[in-house]
Amino acid sequence: MSAGLLVEGVILTELAQIVDERGAVLHHLRCDSADFVTFGESYFSEMLPGAVKAWKRHRSQTQYLAVPVGRVRFVIYDDRKDSPSNGSIDVVELGRPDHYNRLRIPNGLWYGFTCLSEGSALIANCADRPHDPEDAELLSDDDPSIPYRW
């Protein structure tokens, strides 16, 4: 478990930013990263200011998320029966320049996110398997079984 995080299996990794007067190179995930398992697919999600996307849980897929543009709050809830962190919630804000990190959300955890920036935000996800709609479970963003209110 990463320092400061409560939910078992969630990892927050600081990412390299190589910045000069022309712009920046932003690292996301390498095959020799300690938490890398395998490549499934990579995609980007645009979030509009104030938008909420919640709740989702994957049975098999692990997410590797970073926010290269804007700022996003991620909330992760653990309701896994046999987990030592059952009932715990992590709230993590990602974005540049001060919180450019990779957030690893393993399968079996509920998560959602909201855009905190004034403009749109961009979320990069390099998942460990291709998207499969049968792998995901969805709940509404105000589902009473999750003790967090957006």
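Just above sits the structure.
Residue indices begin from 1 for each chain and proceed along its sequence in written order. For a predicted model such as this one, the threshold for reporting local features is a pLDDT of at least 70, and the threshold for listing and counting side-chain atom pairs is 80 or more; totals across whole chains, interfaces and linings nevertheless cover every residue. Excluding hydrogens and water, the side-chain figures rest on all heavy atoms present in the structure.

J.: Looking at this structure, I do not really get the overall build of the chain. What am I missing?
T.: Each helix is a run of H or I in the DSSP string that is no shorter than four residues. Each strand is a run of E no shorter than two, and both are numbered from the N terminus. Within the chain one finds zero helices and 12 strands. Its helices and strands in sequence order give the chain the pattern β-β-β-β-β-β-β-β-β-β-β-β, from N to C terminus. For the radius of gyration, the atom set is restricted to C-alpha positions; the globular benchmark scales as 2.2 Å times the number of residues to the power 0.38. Over its C-alpha atoms the chain spans a radius of gyration of 15 Å, differing by no more than 12% from the 15 Å that the globule rule assigns to 150 residues. For every residue, the accessible area obtained with a 1.4 Å probe (protein chains only) is divided by the maximum for its type, and the residue is called buried under 20%, exposed over 50%, and partly exposed between those limits. Taken across its 150 residues, the chain has 43% of its residues classed as buried. In the chain, the share of contacts with a sequence separation of at least 24, taken over all contacts with a separation of at least 6, comes to 80%. Note that accessible areas follow from Shrake-Rupley with a 1.4 Å probe, and for residues the cover is restricted to the protein chains shown. By element, 51% of the accessible surface of the chain is carried by carbon and sulfur atoms, the whole surface being about 8000 Å². Of the side-chain charges in the chain, 15 are positive and 23 negative, and the distance between the mean point of each set is 1 Å. Note on contacts: a residue pair is in contact if any heavy atoms of the two residues lie within 4.5 Å. Working convention for charge: Lys and Arg count positive, Asp and Glu count negative, and His plus the chain ends are omitted. A single reference atom marks each charge: NZ on Lys, CZ on Arg, CG on Asp, CD on Glu.

J.: How should the nonpolar core be read in this particular structure?
T.: In this structure, Phe74, Ile76, Leu103 and Ile123 are the most contacted members of the largest nonpolar core, which totals 19 residues. Among the secondary structure elements, those contributing two or more residues to this core are strand S6 (63–69), strand S7 (71–77), strand S8 (89–95), strand S9 (101–105), strand S10 (110–115) and strand S11 (121–127). Excluding residues within four positions of it along the chain, Leu103 makes contact with Val10, Ile11, Leu12, Gln63, Tyr64, Leu65, Phe74, Ile76, Val92 and Leu94. Nonpolar cores are built from buried Ala, Val, Leu, Ile, Met, Phe, Trp, Tyr and Cys residues. Side-chain atoms within 4.5 Å join them into one set. Membership of the second largest hydrophobic core comes to seven residues, among which are Trp55, Val75, Trp110 and Tyr148.

J.: What should I look at first to understand the pairing of S9 in this one?
T.: Along any regular strand the residues' side chains alternate between the sheet's two faces. With five of five residues buried, S9 is to be regarded as a mostly interior element. Side-chain alternation along S9 places Asn101, Leu103 and Ile105 on one buried face and Arg102 and Arg104 on a second face that is also buried. Between any two strands, pairing holds if DSSP finds at least two bridges. With four bridges joining them, strand S1 (residues 11–14) and S9 adopt antiparallel strand pairing. In the strand pairing of S9, Ile11 is matched with Arg104.

J.: Looking at this structure, I do not really get the environment of Phe74. What am I missing?
T.: Counting through the fold element by element, Phe74 comes out in strand S7. Once the C-alpha coordinates of Phe74 and Lys53 are considered, the two residues, 21 residues apart in sequence, prove to be 9.6 Å apart. In contact with Phe74, not counting residues within four places along its chain, are Leu65, Val67, Asp90, Val91, Val92, Leu94, Leu103, Gly112, Phe113 and Ile123.

J.: Help me out: how do you make sense of the packing of aromatic side chains in this one?
T.: The geometry of an aromatic ring pair is captured by two quantities: the separation of the ring centres and the angle between the planes. Stacked, tilted and edge-to-face are the three classes applied to pairs of Phe, Tyr and Trp rings, where Trp contributes its six-membered ring and a pair requires centres within 6.5 Å; stacked means planes under 30 degrees apart, edge-to-face means over 60, and tilted covers the rest. Under the defined criterion, the tally for this structure stands at five aromatic pairs. Ring geometry for Tyr111 versus Phe113: centroids 6.4 Å apart, planes at 15 degrees, classification stacked. Pairing Tyr148 with Trp150 gives two aromatic rings, centres 5.0 Å apart and planes at 75 degrees, and the pair type is edge-to-face. Residue Tyr148 is classed as buried on the basis of its relative accessible area of 17%. An aromatic cluster is defined as three or more aromatic residues linked by ring pairs; in this entry it consists of Trp55, Tyr148 and Trp150.

J.: Is there a simple way to think about the pairing of S6 in this case?
T.: In terms of burial, S6 is a largely internal element, six of the seven residues being buried. Examined bridge by bridge, S6 and S9 share three bridges and lie antiparallel to one another. Counterpart to Leu65 in the pairing with S9 is Leu103. One ladder, built from three bridges, connects S6 with S11; its direction is antiparallel. Residue Leu65 lies in a different strand from S11, and its bridge partner there is Asn125.

J.: I would appreciate a short explanation of the sheet that holds strand S5 (residues 52–58) in the present structure.
T.: Strand pairing in a sheet relies on backbone hydrogen bonds. The paired strands run either parallel or antiparallel. Read across the sheet, five strands follow the order S8-S7-S10-S5-S12 without closing on themselves; strand pairing throughout is antiparallel. One side of each edge strand has no neighbouring strand; the edge strands of this open sheet are S8 and strand S12 (136–138). Averaged over neighbouring strand pairs, the angle between their axes works out to 25 degrees when direction is ignored. In this structure, S5 lies alongside S10, joined through three bridges in antiparallel fashion. Bridge pairing links Lys53 to Phe113 in S10. Only the stretch in contact is used when a helix axis is fitted, and all axes are lines through C-alpha atoms; the angle between N-to-C directions ranges over 0 to 180 degrees.

On their own, these measurements won't tell you what the molecule is for.
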